[in-house]
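# An overview of the molecular structure
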Amino acid sequence: MKALYKSIFFCLCLMLGLSACTGKNEEMPPTGGFDNAEKLIAGTYTGTWTSTNTVTGDVSSATGSLTFSNSEELGNNVANVSIVSDDPKTVNLGAKAETSACNVSKLSSNVLSFWNVYALNPFGFTFTGKVTPEGDVNFNYSVAVVVKHKETIYNFEFIGHKQ
C-alpha cells in the first residue's frame, strides 16, 4: 500500500513538472518597435583621418570621409560603411576593400554605436565607432603591417561631422 501511494505521488509530481513546461512561454515578449538605427546613421561624414605608428610614434593626418548607407537586404540595424582618404599616400587606410557591413545600435542616450568584430569582413580588421545626436562621428581601428618579418601596428581614427 505504501508503494502505491509513492507511485501516485511520483506520477502527480511528474505531471505537475511536465505541465509547467508546456511551451506557453516560448515567444519573447515584444520590446517595442525597431529603432531604425541603420536609417538614422545613413549619410556622409567628412573630417580627418589620423594614423599613428605604435612603434615610432609617427602621426599622419589627411582629410577624408565616412559614408553609411542602408540596404533592405541587410536587415534591421545593419548598414554599409565606406571609408575614403583624400590623400592615400599620407594616410593609407590599410583596408582590403572600401566598403563593409556593420552593426548599428541606438543607445538610450541617442548615440548611434556601430561595430564589426568579425576580422574576416571585407575591410580585414575589426572596428568600432559612434555618432552623437549632433552628427559628430568617431571611428577607430588598428591594422598590423608586416614588412621583412617585422610587424608594425597602426592605430587609425576618423573624427568628422555629418554633411
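Check the entry above for the structure.
No experiment lies behind these values; they were computed from the predicted model shown. For every chain, the first residue of its written sequence is number 1, and the numbers climb from 1 along that sequence. For a predicted model such as this one, the threshold for reporting local features is a pLDDT of at least 70, and the threshold for listing and counting side-chain atom pairs is 80 or more; totals across whole chains, interfaces and linings nevertheless cover every residue. Values shown for side chains rest on all heavy atoms present in the structure; no hydrogens or waters enter the calculation.

## Some thoughts on the pairing of strand S5 (residues 112–116)
Put simply, the test is: Exposure categories follow from relative accessible area, calculated using a 1.4 Å probe and restricted to protein chains: below 20% of the type maximum is buried, above 50% is exposed, and the middle band is partly exposed. Per the convention used, a helix needs a DSSP run of H or I reaching at least four residues, while a strand needs a run of E reaching at least two, with both numbered from the N terminus. By definition, two strands form a pair when at least two bridges between them are found by DSSP.
Burial analysis of S5 places four of its five residues in the buried class, the great majority of the element. Relative to S5, strand S4 (residues 99–106) runs antiparallel, the two sharing four bridges. Bridged to Val104 within S5 is Phe114. Alignment of S5 against strand S6 (residues 127–131), held across five bridges, turns out to be antiparallel. Bridging from a neighbouring strand, Ser113 pairs with Lys130 of S6.

## Thoughts on the pairing of strand S8 (residues 150–162)
Taken residue by residue, a regular strand's side chains alternate between the two faces of the sheet. Looking at chain direction, strand S1 (residues 43–53) and S8 are connected through nine bridges and run antiparallel. Directly across from Trp49, in S8, lies its bridge partner Phe158. With twelve bridges connecting them, strand S7 (residues 136–147) and S8 associate as antiparallel partners. Each bridged residue has a counterpart across the sheet, and for Val143 the counterpart in S8 is Tyr154.

## What about the packing of aromatic side chains?
How we decide: Within 6.5 Å between ring centres, the rings of Phe, Tyr and Trp (the latter by its six-membered ring) count as paired, and their orientation is classed by plane angle as stacked under 30 degrees, edge-to-face over 60, tilted in between.
Enumeration according to the criterion identifies twelve aromatic pairs in this entry. When the centroid spacing of 4.8 Å and the interplanar angle of 45° are considered together, the rings of Trp49 and Phe158 count as tilted. Separated by 109 residues along the polypeptide, Trp49 in strand S1 and Phe158 in strand S8 bring together distant segments of the chain. The exposure class of Phe158 is buried, given its relative accessible area of 0%. With a centroid separation of 4.9 Å and 15° between ring planes, the pair formed by Tyr141 and Phe156 is classed as stacked. Taken together, the residues span a long stretch of sequence, with Tyr141 in strand S7 and Phe156 in strand S8 at a distance of 15 residues.

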